[in-house]
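Each chain, letter by letter, is given below.
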Amino acid sequence: MPTFLTPLALIAAAAIPALAAIYLLRSRLRRKTVSSLMLWQNQGIVKKGGTRIKKISLPKTFYLELLIILLLVAAAMGPTFTTSKSSRPAIIILDDSYSMRADNNGVSPRDLAIEMVSKILDDKQVSSVRLITAGKRPYVLSHQVKDQATLMDALQNWHCKSPSDSLDAALNLANSIGGRRALIQVISDKNPDTPLEDVHIQWAALGVKLANTAIINASRTIYENNDRCMVEIVNFGDMTRETDVSFLFVGRDKPFKKVNARLEPNQRKQIIFSVQDNFSPITVQINSDPLGIDNKAVLLSDPYRQLPVQFDIRSQELEKHVREAVLAAEGIIDINKQPRLYITDKVPETPPDADQWVLLLVEEDKPVSYTGPYIVDHTHPLTQGLSLDGIIWGAGTGHEMPGDPVILAGNIPLITDTALLNSNHLLRLRISHQASNLAQMPAWPIIFCNLTDWIKSLMPGFRRTNIRLGTDPVFYAPSGISQVTVVKPDKTEKQFNISDNQVIIENQDPGIYLVKTKKKTYRFASNALSISESDLSRCKTGRYGQWKEADTVRKTYFRAAWIFILIAVGLLIIYQLILSRMVSRGMA
């Protein structure tokens, strides 16, 4: 049955009796006696005249006019038909940050959200459900779902392990996908930052304020011959709490170090210690609490602690200066076999190996002492932080120096760089130490430190082995590798193709990742270290916004006034055609 929005418009139906009166009393002619009707063209009109109402047959135009009036009155009353409320799709935005995993007496916001999503699909005004997760970036988890079984399967891929949420970006994505017609439901453990203005959006905050102790920083660096580790914990609570901080080598049950930490409300505490086993992974653990993902961190050793270097220099004095400068850098190993960096004053007879760098020292008999001005390419890795003020650079001019110039004295190249095929380089350094003070100046070790850092930055593997959850590290592949296998912390494997000797690894779970090539396995550790997600005191419970507003009513009810008007216009056209025909026949 239709619903009329403006029933008072029924008053316009008073035009119907007026129309009937016009047709019934339209002729009130008085009787006159005349001598003849021969000059009258239409004698039938006389029969319709008179002062009394007689039983007559009404013309077709009357019924058309009556119907048109009825249609216009009905349109003015605003007829509205209720449409099926199951015709609107719903888009559900799920907070994918790991604070949704907080345990409150065995129930987490994620558990409550799954129940809520199931009820939304059963709602009569929802035809289908589309899921979007709001983690580090929004992601469409499923397309339109219409049954509970498919919905539960899709929710199995909602893990809540992201170190941040992207609810605002997810709302923009939902609006672009569903438009104004779709109903949008946001489910989080926090309230919205700003009031909800769109009436087709509603927000459910399912969080509970809880006290939580978390690891918020963890690092491991080389310090002299040992590794120095630093762990920072914080008490996100209103009361003083104690927790045990245990340090274990991965694969062992007994901790090698244990610290009892007493933390005042919102107090941070750093624990710094050294470890002699430079290569074993270390697990740091604190006592269990509502949020378990931030109670553990894994620390791996620095991947670039060793850079094999071979020295093959005929001049003992020059070798001494070079060796001292190179070994001053961290992680340098003096080796005579398969070096990563080969430093020599002999021109190589064969090209370097695929991953080998060569520094060729060019020493000449008749050197010239240059005092500048020097032309320096400050964009080159060798010249970072380099100053040549006060430098007397002794060099000859008898040898050619192929490659791109890095440092010149006038038009004389002092250092040149030649890129080889496999991201390695052949560098030439023109030096005569007897005519130079370069080896006694800070610029000398800076050049070699920049060189070793540059080589390390391009070595296969990861630049850092201990990273935060959600940060996707870049893996630099060895030369000749086109594909790698990544083993995630849950032991699942995935293949990645190499492009430009590197690939970005997806980091979505805390733990140790393995990257396997044909010859070697590399690894990095991912740790959940997010202050914003570990602070459960920010969690809220509440409902914001409603779907059943004016905009929703307008979209779930069908207004039919325009249909009545359209029919009336069609009948009016027919009415005009009938009148035109009657006039042409002389009947009107």
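Each value, and the rule that gives it
- Residues numbered from 1 in each chain as written.
- Predicted model: local features only at pLDDT ≥ 70, side-chain atom pairs only at ≥ 80, totals over all residues.
- Heavy atoms only, no water.
- Salt bridge = Lys/Arg side-chain N within 4 Å of Asp/Glu carboxyl O.
- Helix = DSSP H or I, 4+ residues; strand = E, 2+ residues; numbered from the N terminus.
- Buried < 20%, exposed > 50% of the residue type's maximum accessible area, 1.4 Å probe, protein only.
- Phe/Tyr/Trp six-rings, centres within 6.5 Å; stacked < 30°, edge-to-face > 60°.
- Pairing = 2+ DSSP bridges.
- Patch = residues over 30% accessible without salt bridge, like charges linked within 9 Å, V, L, I, M, F, W, Y side chains within 5 Å.
- Areas by Shrake-Rupley, 256 points an atom, 1.4 Å probe, with all protein chains shown as cover.
- Axes fitted to C-alpha atoms, helices over the stretch in contact; angles between N-to-C directions.
- Expected span 1.5 Å × (residues − 1).
- Contact = heavy atoms within 4.5 Å.
- pLDDT = per-residue confidence, 0-100.

Let's shift gears to the pattern of salt bridges. Under the defined criterion, the tally for this structure stands at 14 salt bridges. The salt bridge partner of Glu533 is Lys190, with a shortest N-O separation of 3.8 Å. Of this pair, Glu533 sits in helix α9 (residues 531–534) while Lys190 sits in the loop between β6 (183–188) and β7 (201–206); the two residues are 343 residues apart in sequence, bridging distant segments of the chain. Under the relative-accessibility criterion, Glu533 is labelled buried at 2%. Linked through salt bridges whose partners overlap, the residues forming this network are Asp95, Asp189, Lys190 and Glu533.

Applying the stated criterion to the full structure yields eleven aromatic pairs. Judged by centre distance (4.5 Å) and plane angle (25°), the rings of Phe249 and Phe256 are stacked. Joined through ring pairs, the aromatic side chains of Phe462, Phe475, Tyr513, Tyr522 and Phe524 make up one cluster.

With that out of the way, let us pick up the pairing of strand β17 (residues 341–344). Covered by surrounding structure in β17 are Leu341 and Ile343 together with Tyr342 and Thr344, the residues of both alternating faces. Relative to β17, strand β15 (residues 307–312) runs parallel, the two being bridged by four bridges. Considered in β17, the bridge of Asp312 is made with Thr344. Both β17 and strand β18 (residues 357–362) contribute to a ladder of four bridges, which runs parallel. Across the sheet, Leu341 pairs through a bridge with Trp357, a residue of β18.

On the surface, Leu72, Ile565, Val569, Ile573 and Leu577 cluster together into a nonpolar patch covering about 450 Å² of accessible area. A per-element tally of the nonpolar patch places helix α11 (residues 561–584) first, with four residues. Position of Ile565 among the secondary structure elements: in helix α11.

Read from one edge of the open sheet, three strands run β8-β9-β12, paired in antiparallel fashion. Each of the sheet's edge strands pairs with one partner strand only, and the pair in question is β8 (212–223) and β12 (268–275). Strand-to-strand twist across the sheet, computed as the mean angle between neighbouring axes with direction ignored, equals 15°. Pairing between strand β9 (residues 226–236) and β12: eight bridges, direction antiparallel. Residue Arg228 lies in a different strand from β12, and its bridge partner there is Ser274.

An order of β25-β27-β30 is seen for the three strands of this open sheet, with the pairing classed as antiparallel. Because the sheet does not close on itself, it has two edges, and the strands there are β25 (461–462) and β30 (502–504). Note: strand β27 (residues 474–476) against β30, three bridges, orientation antiparallel. Pairing of Val474 across the sheet is with Ile504, part of β30.

We now examine helix α4 (residues 109–122). The terminal C-alpha atoms of α4, which comprises 14 residues, lie 20 Å apart, in line with the 20 Å expected from a rise of 1.5 Å per residue. The complete set of buried residues in α4 reads Pro109, Arg110, Ala113, Ile114, Met116, Val117, Ser118, Ile120 and Leu121.

Here we come to the environment of Pro2. Tracing the chain through its elements places Pro2 in the segment before β1 (3–4). Owing to a relative accessible area of 30%, Pro2 belongs among the partly exposed residues under this scheme. Linking Pro2 and Ser128, residues 126 residues apart in sequence, is a C-alpha distance of 27 Å. With sequence-adjacent residues up to four places away left out, Pro2 is seen in contact with Thr80 and Phe81.

Peptide bonds are mostly trans, and most non-glycine residues show a negative phi. For the peptide bond that leads from Gly372 to Pro373, omega is -5°, which places it in the cis range. Assignment of secondary structure puts Pro373 in the loop between β19 (368–370) and β20 (374–376). In the Ramachandran plot, Asn105 falls in the positive-phi region, its phi being about 55° despite a non-glycine side chain. Structurally, Asn105 is set in the loop between β3 (88–95) and α4. Of note, the phi angle at Asp500 is positive, near 55°, even though the residue is not glycine. With respect to the secondary-structure elements, Asp500 resides in the loop between β29 (493–497) and β30. For Asp500, a relative accessible area of 71% gives the class exposed.

All right, on to the environment of Leu183 then. When you line up the elements, Leu183 lands in strand β6. Look at Leu183 and you get buried, because its relative accessible area is 0%. Placed 58 residues apart in sequence, Leu183 and Gln125 show a C-alpha to C-alpha distance of 9.5 Å.

This paragraph deals with helix α3 (residues 60–76). Taking 1.5 Å per residue as the helical rise, α3 with its 17 residues ought to reach 24 Å, and the 25 Å between its terminal C-alpha atoms agrees with that figure. Of the positions making up α3, those classed as buried are Thr61, Phe62, Leu64, Glu65, Ile68, Leu71, Val73, Ala74 and Ala75. With its phi angle positive at about 70°, Gly78 sits one or two positions after the end of α3.

A few words now on the confidence of the model for the protein. When the pLDDT values of the protein are averaged, the result is 86; 91% of them are 70 or greater. Low pLDDT, under 50, characterises residues 45–49; the predicted model gives this stretch five contacts beyond four residues in sequence or across chains. Low pLDDT, under 50, characterises residues 549–554; the stretch is placed with six contacts to residues that sit more than four places away or in other chains.

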